[in-house]
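Coordinate analysis (summary)
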Amino acid sequence: MVLNYIWIAFFIIAFVVALVKLIIFGDVTVFPAMMQSTFDSSENAFKIALGLTGMLSLWLGIMKVGEKGGVVNVLSRILSPLFTKLFPDIPKGHPATGSIFMNIAANMLGLDNAATPLGLKAMEQLQELNPKKDTATNPMIMFLVLNTSGLTIIPISIMMYRSQMGATQPTDVFLPILLSTFFATITGIIVTAMYQKINLFNRVIILTLGGMVAVVSLIIWGFSQMDGKTMNTVSSSVANILLMTIIILFLLAGMRKKINVYDTFIEGAKDGFHTAVRIIPYLVAFLVGIGIFRASGAMDSFVHGIGWIIKSLGGDDSFVGALPTALMKPLSGSGSRGLMVDAMKTYGADSFVGRLSCIFQGATDTTFYILAVYFGSVNIRYTRHAVACGLLADLAGIIASIAIAYVFFG
């Protein structure tokens, strides 16, 4: 129901803002721009789904081989002590545990294209455990919040964009992004656990979170010893080597189990096409709503309003120029990426706004896109507290990004 109200709000707010611009300011271009955005957004939604079809087929095929080869079950057993605490409603050793881990690992490595099919597979497995097929379960929500908080260790694409835009040191946002996304993820876990009455003060979770802090600290230290060129090379190489290693391990596991690896891959890959088709209506709905909201000027008006309030209170409004990226990120990954590039082009890649926009881009993930695609793939209508928890994690990531940007670049 929350998604329903938010979607309607996009249209109503956009319509009101457009009317004001037309009647008061005589802007006769706003309504044609809004209508054009509906056509462009619909086409873009189809292209996204079409582009996902190949990746979905590939990774759902690989996952099917991993399932029958026993790899996913092994991961489930290894992660069982932690996941039984964080996802208490998932039976011990259930295959969904392994799929969730694979998805989170792909996200941490910045492998967005690989992460989505793995996430959809996890949602399909979680739906099998769902007694009310149209309502999101607690494990589904915790899983989605972990996705929307966007924990990324290696933000490869952002560093590539900074290099293309002429940044003196493309990797200088690496540590700020890592810190910001870590705060967002921890906040997401805590908020969701509070909603679901999960006790986080137990030995397993405390040790795991402590281990995460230690690993993040070690990564920060290790990368801080490298120059920019080396950091880019290592980041890209590690992500791609690990991804290829996973594929080979899954294939070898299938051979060890003496299954027909090729036929098993084809069996899983067939699901990729059907999944891609199922998510098209959900993508069209949200991308059209977002496109209209943006084309009406509502997003710009909101940002200017925040800037005016900050200035009136005597605060430093240096960060306001980067806010469009932060506000667009929960709605559209491609939209926020475009705004990030625009901020670097307008203010300079090495400016405070240019760097902050990159930190915003890496701090969280596309909350509404993930909710629409993941829930839409299994026909979930009632999302319960998923939107609230996801947006609170986003807010934590935005606040942390601003604070950390001032520490590093202010």
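Whatever comes next refers back to the structure up there.
Position numbers for residues start from 1 in each chain and track the written sequence from start to end. It should be noted that, the model being predicted, local features are given only for residues of pLDDT at least 70 and side-chain atom pairs only at 80 or more, the latter also being counted only at that level, while totals for whole chains, interfaces and linings use all residues. Hydrogens are left out, water is left out, and the side-chain values use all remaining heavy atoms of the structure.

Remarks on the overall build of the protein
Counting its regular elements, the protein contains 17 helices and zero strands. Both definitions apply: the radius of gyration is a C-alpha atom measure, and the globule rule equals 2.2 Å times residues to the power 0.38. By the compact-globule yardstick of 22 Å for 410 residues, the protein fits well, its C-alpha radius of gyration being 22 Å. Per-residue accessibility, obtained with a 1.4 Å probe over protein chains only, is compared with the maximum for each type, and a residue is labelled buried under 20%, exposed over 50%, and partly exposed between these values. Relative to its full complement of 410 residues, the protein shows a buried share of 53%. For this analysis, residues touch if any pair of their heavy atoms sits within 4.5 Å. In the protein, the share of contacts with a sequence separation of at least 24, taken over all contacts with a separation of at least 6, comes to 79%. Surface exposure here means Shrake-Rupley accessible area, sampled with a 1.4 Å probe, where a residue is shielded only by the protein chains that are shown. For the protein, the exposed surface amounts to about 18,400 Å²; the carbon and sulfur share of it is 68%. Positive residues here are Lys and Arg, negative ones are Asp and Glu, while His and the chain termini are left out of the count. Note on charges: their place is set at NZ of Lys, CZ of Arg, CG of Asp or CD of Glu. One way to put it: in the protein the 27 positive side-chain charges average out to a point 10 Å from where the 21 negative ones average out. Strands are runs of DSSP state E lasting at least 2 residues, helices are runs of H or I lasting at least 4, and numbering of each runs from the N terminus.

Here's the deal with the packing of aromatic side chains
Note on ring pairs: Phe, Tyr and Trp rings are taken, using the six-membered ring of Trp, and paired if centres are within 6.5 Å. Classes follow the plane angle, with under 30 degrees stacked, over 60 edge-to-face and the rest tilted. Under the definition given, this model contains six aromatic pairs. Ring centres of Phe 10 and Phe 293 lie 5.5 Å apart, and the angle between their planes is 55°; on these two criteria the pair is classed as tilted. Placement of Phe 10 in helix H1 (residues 2-23) and of Phe 293 in helix H11 (residues 261-295) is noted, with a sequence separation of 283 residues between them. Here Phe 10 and Phe 293 have matching classes, each one buried. Geometrically, the ring pair formed by Phe 352 and Tyr 406 is tilted, given 4.8 Å between the ring centres and 45° between the ring planes. Taken together, the positions of Phe 352 in helix H15 (residues 352-363) and Tyr 406 in helix H17 (residues 386-409) put the pair 54 residues apart, joining distant regions of the chain. Of the residues examined, Tyr 406 reaches a relative accessible area of 27% and is grouped as partly exposed.

Notes on the side chain of Ser 41
Its location among the elements puts Ser 41 in helix H2 (residues 30-69). Using a relative accessible area of 10% as the deciding quantity, one classes Ser 41 as buried. As used in this structure description, the phrase polar contact means that two N or O atoms lie within 3.5 Å; if the pair is within protein, one of them must be able to donate a hydrogen and the other to accept it, and residues adjacent in sequence are counted only when both atoms belong to side chains. Reaching out from Ser 41, the side chain makes a polar contact with the backbone oxygen of Ser 37 at a distance of 2.7 Å. Among residues more than four places away in sequence, those in contact with Ser 41 are Leu 287, Val 288 and Gly 291.

Some details on the environment of Thr 208
Position of Thr 208 among the secondary structure elements: in helix H9 (residues 203-224). Residue classification places Thr 208 among the partly exposed residues on the basis of a relative accessible area of 26%.

Remarks on the environment of Ala 295
Relative to the helices and strands, Ala 295 is located in helix H11. C-alpha separation for the pair Ala 295 and Ala 105, spaced 190 residues apart in sequence, amounts to 36 Å. Residues within four places of Ala 295 in sequence aside, it is in contact with Val 30, Ala 33, Met 34 and Ser 37.

A few points about the side chain of Ser 57
Relative to the helices and strands, Ser 57 resides in helix H2. Polar side-chain contacts of Ser 57 include one of 3.3 Å to the backbone oxygen of Ala 269. Among all residues touching Ser 57, those that are not within four sequence positions of it are Phe 265, Ala 269, Gly 272 and Phe 273.

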